[in-house]
Amino acid sequence: MLDIELIRERPEEVKAALARRGIEPPLDRVLELDAQRRSLLTEVENLKAERNRASKEIGKMKDAALREERIAAMRALGERIDALDAQVRQANEALHALIIEIPNLPDPSVPDGADEKDNVVVRQVGEPKGFDFEPKPHWELGPALGILDFERGVKITGSRFYVLSGAGARLQRALIAWMLDLHQRQGYLEKYPPFMVRSETLFAAGQLPKFRDNLYKDHEEDLWMVPTAEVPLTGLHMDEILEADTLPRHYTAYTPCFRREKMSAGRDVRGIKRGHQFDKVEMYTFCTPETSDEELQRMLSHAEETCAELGLAYRVIELCTGDLGFNARKTYDLEVWAPGCGEWLEVSSVSNCGDFQARRANARYRPQGGGKPRFLHTLNGSGLGLPRTLIAVLENYQQPEGTVLVPEPLRPWMGGLEVIEPEASL
RNA sequence: GGAGAGGUGCCGGAGUGGACGAACGGGGCGGUCUCGAAAACCGCUGUGGUCCUUGUGGCCACCGUGGGUUCGAAUCCCACCCUCUCCGCCA
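Residues numbered from 1 in each chain as written. Chains lettered and ligands numbered in written order. Predicted model: local features only at pLDDT ≥ 70, side-chain atom pairs only at ≥ 80, totals over all residues. Heavy atoms only, no water.

Draft legend 1. A look at the pairing of strand β15 (residues 377–385). Burial analysis of β15 places nine of its nine residues in the buried class, which makes it a mostly covered element. As paired elements, strand β9 (residues 277–287) and β15 share eight bridges and run antiparallel to each other. The residue bridging K280 from the neighbouring strand is G385, located in β15. Relative to β15, strand β12 (residues 343–352) is paired through three bridges, and the arrangement is antiparallel. Bridged to S351 within β15 is N380. (Buried < 20%, exposed > 50% of the residue type's maximum accessible area, 1.4 Å probe, protein only. Helix = DSSP H or I, 4+ residues; strand = E, 2+ residues; numbered from the N terminus. Pairing = 2+ DSSP bridges.)

Draft legend 2. Highlighting the protein's contact with RNA strand B. As a matter of local geometry, RNA strand B sits amid 21 residues, with N52, S55, R75, R364 and R366 nearest to it. When atoms of RNA strand B within 4 Å of the protein are sorted by moiety, sugar and phosphate together comprise 69%. Between RNA strand B and the protein, one listed contact pairs a base nitrogen with a side-chain N or O atom of E45 at 3.1 Å. A distance of 2.6 Å is found between a base nitrogen of RNA strand B and a backbone nitrogen or oxygen belonging to S55. Looking at the surface near RNA strand B, the element that brings in the most residues is helix α3 (residues 27–60), giving 12 residues. Broken down by class, the residue content of the surface near RNA strand B amounts to six nonpolar, four polar and 11 charged. (Near = heavy atom within 4 Å. Polar contact = N/O pair within 3.5 Å; in protein donor to acceptor, adjacent residues only side chain to side chain. Nonpolar A, V, L, I, M, F, W, Y, C, P; charged D, E, K, R; others polar.)

Draft legend 3. Geometry of the packing of helix α2 (residues 11–19) against α3. At their nearest, the axes of α2 and α3 sit 11 Å apart, and the two run at 150° to each other. Relative to α3, the crossing made by α2 is right-handed. Along the contact surface, α2 presents P11, V14, K15 and L18, while α3 presents L27, D28 and L31. Across the contact of α2 with α3, the residue classes tally to five nonpolar, no polar and two charged. (Axes fitted to C-alpha atoms, helices over the stretch in contact; angles between N-to-C directions. Left-handed = near helix turned anticlockwise from the far one by under 90°. Contact = heavy atoms within 4.5 Å.)

Draft legend 4. Region of interest: the sheet that holds strand β11 (residues 330–338). Spatial ordering of the open sheet is given by β1-β10-β11-β12-β15-β9-β8-β4, a layout of eight strands whose pairing is mixed. Looking at strand neighbours, the two that pair on one side only are β1 (120–125) and β4 (189–191), the edges of this open sheet. Pairs of neighbouring strands in the sheet enclose a mean axial angle of 25°, with direction left out of account. Judged from the 10 bridges that link them, strand β8 (residues 249–258) and β9 form a sheet pairing that is antiparallel.

Draft legend 5. The sheet that holds strand β14 (residues 374–375), seen in detail. Judged by pairing direction, the sheet is mixed, and its three strands sit side by side in the order β7-β13-β14 without closing on themselves. Of all the strands in the sheet, the pair left with one neighbour each is β7 (241–243) and β14. With two bridges joining them, strand β13 (residues 364–366) and β14 adopt antiparallel strand pairing. Directly across from R364, in β14, lies its bridge partner F375.

Draft legend 6. The arrangement of the environment of E408 in detail. The topology assignment puts E408 in the loop between β16 (404–405) and β17 (419–420). The exposure class of E408 is exposed, given its relative accessible area of 57%. The spatial distance from the C-alpha of E408 to the C-alpha of E418 is 7.9 Å, given a sequence separation of 10 residues.

Draft legend 7. Molecular detail of the layout of surface pockets. Taken as a whole, the second largest pocket holds about 490 Å³ of empty space. Around the second largest pocket, the lining is made up of 22 residues, and of these L6, R10, L105, R329 and D355 lie nearest the centre. Those elements giving two or more residues to the lining of the second largest pocket turn out to be α1 (4–9), α2 and α11 (356–361). A class-by-class count of the residues in the lining of the second largest pocket yields 10 nonpolar, three polar and nine charged. If you count residues domain by domain, the lining of the second largest pocket takes at least three from each of domain 1 (4–99) and domain 2 (116–420). (1 Å grid on protein atoms, 1.4 Å probe; cavity = no way out; pocket = protein on both sides within 12 Å on 5 of 7 lines; lining within 4 Å. Points joined across faces, edges and corners; volume = space filled by probe spheres on them. Domains from an automatic or database assignment.)

Draft legend 8. Here's a closer look at the nonpolar core. Core analysis: the biggest nonpolar cluster contains 51 residues, and L171, L334 and I420 have the highest contact counts within it. Element by element, the count of residues in this core is highest for helix α7 (residues 167–185), at nine residues. (Core = buried A, V, L, I, M, F, W, Y, C linked by side-chain atoms within 4.5 Å.)

Draft legend 9. Just helix α4 (residues 64–99), in detail. Taking 1.5 Å per residue as the helical rise, α4 with its 36 residues ought to reach 52 Å, and the 51 Å between its terminal C-alpha atoms agrees with that figure. Residues M74, L77, G78, I81, L84, V88, A91, L95 and I99 constitute the buried set of α4. (Expected span 1.5 Å × (residues − 1).)

Draft legend 10. View of the side chain of E395. In this fold, E395 is placed in helix α12 (residues 386–396). The charged side chain of E395 is buried without a salt bridge, its nearest counter-charge being R270 at 10 Å. Of note is the side chain of E395, whose polar atom sits 2.8 Å from the backbone nitrogen of H138. Setting aside chain neighbours within four positions, we find E395 in contact with F131, K136, P137, H138, L141, A338, P339, G340 and C341. (Lys, Arg positive; Asp, Glu negative; His and termini not counted. Salt bridge = Lys/Arg side-chain N within 4 Å of Asp/Glu carboxyl O.)

Draft legend 11. Focus on the pattern of salt bridges. Under the counting rule described, the total for this entry stands at 27 salt bridges. Between D3 and R359 there is a salt bridge, with the nearest N and O atoms lying 3.7 Å from each other. Here R359 lies in helix α11 and D3 lies in the segment before α1, a separation of 356 residues in the sequence. Take D3: its relative accessible area is 24%, and that puts it in the partly exposed class. Notably, a salt bridge pairs R10 with E13, separated by 2.9 Å at the nearest N-O pair. Among the residues examined, R10 registers a relative accessible area of 41% and is labelled partly exposed. Beyond isolated ion pairs, a larger network of salt bridges with shared partners links R8, D34, R37 and R38.

Draft legend 12. Structural detail: the packing of aromatic side chains. Overall, the coordinates contain nine aromatic pairs when judged by the stated rule. Plain terms: the ring middles of F195 and Y254 are 6.4 Å apart, the flat faces sit at 90° to each other, and that makes the pair edge-to-face. Of this pair, F195 sits in the loop between β4 and β5 (196–197) while Y254 sits in strand β8; the two residues are 59 residues apart in sequence, bridging distant segments of the chain. Take F195: its relative accessible area is 22%, and that puts it in the partly exposed class. Between the aromatic rings of F211 and F326, the centroid separation amounts to 5.8 Å while the plane-to-plane angle is 80°, which identifies the pairing as edge-to-face. Pair noted here: F211 is in the loop between α8 (199–204) and β6 (224–225) and F326 is in the loop between β10 (314–318) and β11, with a separation of 115 residues, a long-range link. The class for F326 is buried, based on a relative accessible area of 9%. Through pairs of rings, three or more aromatic residues link up here, namely Y192, F195 and Y254. (Phe/Tyr/Trp six-rings, centres within 6.5 Å; stacked < 30°, edge-to-face > 60°.)

Following this line, the structure appears as structure tokens:
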């Protein structure tokens, strides 16, 4: 959520920044409602001050007749206050409804662009692996090895669901455990949050109301399945004021993620690249405004380390203004080469959200040496999205005969297993 | 799910219609005292909004949340949420 004060005081700057995203929100309407709201407030608060004064006097009055007269007068005043209060509420709601739909302002350093075609490749680390045979896509490798079962996933749940089996299931678990341990070494505190949250938490993280269509919701209660660990992690410090000397805070969490993927109906239906349920290990940072730029670079390097340790070639993409997510003011994507599918897979997305989410979450900190609380900055980054990392591992480590080597760092979590061979039975 | 108790400031805890933004105690911060510290004493110590003649300023709002009653609500009424205790059920 943008700062209404910023919009009020520097509307042209805000407008220009949003224009870089290629959008033109109704800022004039926002300003109009804001002015209206404030003038109504002044009016009604003056009346309330009058009422408060009069009520105090009435409490002390002895003369019954005078008292009755005064009370009658105040009754009329009360009605005017009620009417004005209703108008204030209306203006407030209208203003709020507009402002919560406006995305974050891009950081000045973000390259201009219309869509993903204008994203910038910052660097590439490692070369896509060469094969002296035709590498297979994971949707052939997996079922052949008996570690990936599409049919039964569809049978028990529906399209875009699958079952991992045997070494496949274990490989995924190994990746999760290994990543969590790695992030812990990188200085992140592990969290195990709820996988269901209240709408308030989704609002704080910027998922509601705009992305309602992409979320799964309980039909009886105000409980929603998390679309990413970013949501519960953002919620961690809702309505809190953290002491400056406890910052920055680095958290990591594993959660499954649930997404309807309505927007991408019919896209990536092959394989496990895009499902309604997937696992992810997330990194998250709460920090002061002064350090969020460097925190972003640090977090990016941590995500890169994850790819590098797995021996996967990757490239770092900086998103252009037109491709930036709703909450983000600057984002890097990490893409890993998948030789079977023949494409660069987005396995991570690392963003600095500035105070955008913190404002929605009312998450603040007390500056060093005291003073008024200020909004925190929040950053999030995938420690790597699981199915896609799994794809990359399977496709990059496949052998001519169809087996798959287990990357060195994962072996301790695989009971020392070095090669995934066909499972005896599904 | 049933029965009961309860949600007040950083913490504990008073407050059942007007003098309560909130007693009292603790904590924290500042000061006095001291070579220094402790003790003692004194003072300060919430958040948001809004207005202006930007100040150790005025006003408004906030006592779980949302409604209601009233000239006036922390206090009365209704609904909901949460916590605790006991019972039941259950991984």
